[in-house]
Amino acid sequence: MLSVRSLNTEYKTQKGPPVKAAQDVCFEVPKGMFFTLLGPSGCGKTTTLRSIAGLERPTSGEIEVNGRVVYSSPQGLFVPPNKRNFGMVFQSYAIWPHMTVFANAAFPLEVRDNRPSKTQIADKVMKVLHAVGLDHLAERDATKLSGGQQQRLALARALVMEPELLLLDEPLSNLDAKLRDRMRVELKRIQRELGLTTIYVTHDQGEALALSHEIAVMSEGRIVQIGSPRTIYERPLNRFVADFIGSTNFVDGEVLGKDAATGLIRVRTRLGDLMATSEAEMAAGSPVTLSIRPEDVELTEEAAPEGRLLNLCEGVMDLRVFLGDFVDFQVKVGEYMLQSRGHPSLRTPVGAKINIRMDPHKCVALPAEASATAKAAA
């Protein structure tokens, strides 16, 4: 298990105060879990990963892996990266161009202190090349591999050391869209089959949702929410998380009160009075922002079914964008433009009236000024 406690990493600058790249970062990753650090550029995710790897020396905090402390500011302990037994794959892959596929994968074993025998090296290398589907290309020059094959070779080179921890720094970002999708599947399969504890860094929300058991969303050097992909997507704790993970509608309003029977809160908005769910207690009169995902905005020409708790309003179809298996709609409700995503079978013409239904449990009330760092229940 990986445990990161109160980790702070700063960079000195020639002028002005130091840059606080990681601030009070805390999380735990159970053995065999795929854990993702997700956030925009400059949020501190790569700094956190490099601090775990030992490529950056933190200012303070502790890092422990499987009961072994590799960094501790209170103890004055810093284990160098070559002594941590972690595998790392960089964005650039760092493939040796003058070596074959086999030689690239074998290199970490060739230069280690307790170098295995040639037979042991060959066995280990062919085992990992088979795992990543490159065993039939063992004697090919590395320069003759495709982008996806180079990515898998970089992964094989990290795996051959049988690392306690696999660290991946945006390894798919250099691939084209189709190959990236294919490599997501391959990466998830390899991680599951080998049972590797994996820390993954990306700014791609879709990548994080597809690969991860758990996600930590970062902003300005801090973790603002940790949870499962579904929790992060469906129950964001603040506006930043809701906005960064996918697309959403933000509707500002004011809390009118709480419904004792359902536990939902009633919010006065420009769309009318809406029922919504909230992770935090919100007093009457509090300003809130509702986050409503486009796929949770149901458009229909039919009347609302009886006996079903729904938020209802009426709008005018403003725009339709056909995207194959779904359509993005824009519906005007008063002066507000609501985004919806639905099936192409809905043929309501632009300019026509349309009924709107929203499940109150999918309308998430967020504090109007969300600033608290929080951890979601997975």
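Cut-offs and rules
Residues numbered from 1 in each chain as written. Predicted model: local features only at pLDDT ≥ 70, side-chain atom pairs only at ≥ 80, totals over all residues. Heavy atoms only, no water. Helix = DSSP H or I, 4+ residues; strand = E, 2+ residues; numbered from the N terminus. Buried < 20%, exposed > 50% of the residue type's maximum accessible area, 1.4 Å probe, protein only. Contact = heavy atoms within 4.5 Å. Areas by Shrake-Rupley, 256 points an atom, 1.4 Å probe, with all protein chains shown as cover. Lys, Arg positive; Asp, Glu negative; His and termini not counted. Charge placed at Lys NZ, Arg CZ, Asp CG, Glu CD. Pairing = 2+ DSSP bridges. Axes fitted to C-alpha atoms, helices over the stretch in contact; angles between N-to-C directions. Core = buried A, V, L, I, M, F, W, Y, C linked by side-chain atoms within 4.5 Å. Polar contact = N/O pair within 3.5 Å; in protein donor to acceptor, adjacent residues only side chain to side chain. 1 Å grid on protein atoms, 1.4 Å probe; cavity = no way out; pocket = protein on both sides within 12 Å on 5 of 7 lines; lining within 4 Å. Points joined across faces, edges and corners; volume = space filled by probe spheres on them. Nonpolar A, V, L, I, M, F, W, Y, C, P; charged D, E, K, R; others polar. Salt bridge = Lys/Arg side-chain N within 4 Å of Asp/Glu carboxyl O.

Caption draft 1: Examining the overall build of the chain more closely. Secondary structure summary: the chain contains eight helices and 21 strands in total. By its C-alpha atoms, the chain is 75 × 50 × 45 Å across when sized along the principal axes. Counting over 378 residues, the chain shows a buried share of 47%. Of all intrachain contacts in the chain linking residues separated by at least 6 positions in sequence, the fraction that spans at least 24 positions is 65%. If you sum the accessible surface of the chain, you get close to 18,300 Å²; carbon and sulfur atoms cover 50% of it. In the chain, 45 positive and 45 negative side-chain charges are present, and the distance between their average locations comes to 5 Å.

Caption draft 2: Molecular detail of the sheet that holds strand S20 (residues 353–358). If you trace the five strands from one edge of the open sheet to the other, you get S16-S20-S17-S18-S19, paired in antiparallel fashion. Looking at the sheet topology across the chains shown, the edges are occupied by strand S16 (297–300) and strand S19 (336–342). Neighbour to neighbour, the strand axes of the sheet diverge by 45° on average, direction disregarded.

Caption draft 3: Examining the nonpolar core more closely. In terms of nonpolar packing, the biggest core is built from 36 residues, with Val 125, Leu 129, Leu 153, Leu 155 and Leu 159 touching the most fellow members. For this core, the elements supplying multiple residues, two or more each, are helix H2 (101–110), helix H3 (118–131), helix H4 (147–159), strand S8 (165–169) and helix H5 (177–194). The element best represented in this core is H4, accounting for six residues. Core analysis: the next-biggest nonpolar cluster, separate from the first, contains 29 residues, Ala 22, Val 29, Val 70 and Leu 165 among them.

Caption draft 4: Region of the structure containing the side chain of Ser 291. When you line up the elements, Ser 291 lands in strand S15 (residues 287–292). Among the polar contacts listed, one links the side chain of Ser 291 to the side chain of Thr 248, at a separation of 2.8 Å. With residues near it in sequence (within four places) discarded, Ser 291 still touches Ala 242, Thr 248, Asn 249, Phe 250, Lys 362, Cys 363, Val 364 and Leu 366.

Caption draft 5: Broad picture of the layout of surface pockets. In this model, the largest pocket occupies a volume close to 890 Å³. What lines the largest pocket is a set of 25 residues, among which Pro 81, Asn 82, Phe 86, Pro 108 and Met 161 lie closest to the centre. Of all the elements in the fold, those that place two or more residues in the lining of the largest pocket are strand S7 (86–89), H2 and H4. The greatest single-element share of the lining of the largest pocket, amounting to four residues, is contributed by S7. Here the lining of the largest pocket is built from residues that sort into 16 nonpolar, four polar and five charged.

Caption draft 6: Focus on the pattern of salt bridges. Per the counting criterion, the structure on display carries 18 salt bridges. Residue Asp 296 is joined to Lys 362 by a salt bridge in which the shortest nitrogen-to-oxygen separation is 3.8 Å. Remark: Lys 362 occurs in the loop between S20 and strand S21 (363–367) and Asp 296 occurs in the loop between S15 and S16; sequence separation between them is 66 residues. Its relative accessible area of 19% is what places Asp 296 among the buried residues. With relative accessibility at 33%, the residue Lys 362 sits in the partly exposed group. Via salt bridges that share partners, Arg 5, Glu 62 and Glu 64 belong to a single interconnected network.

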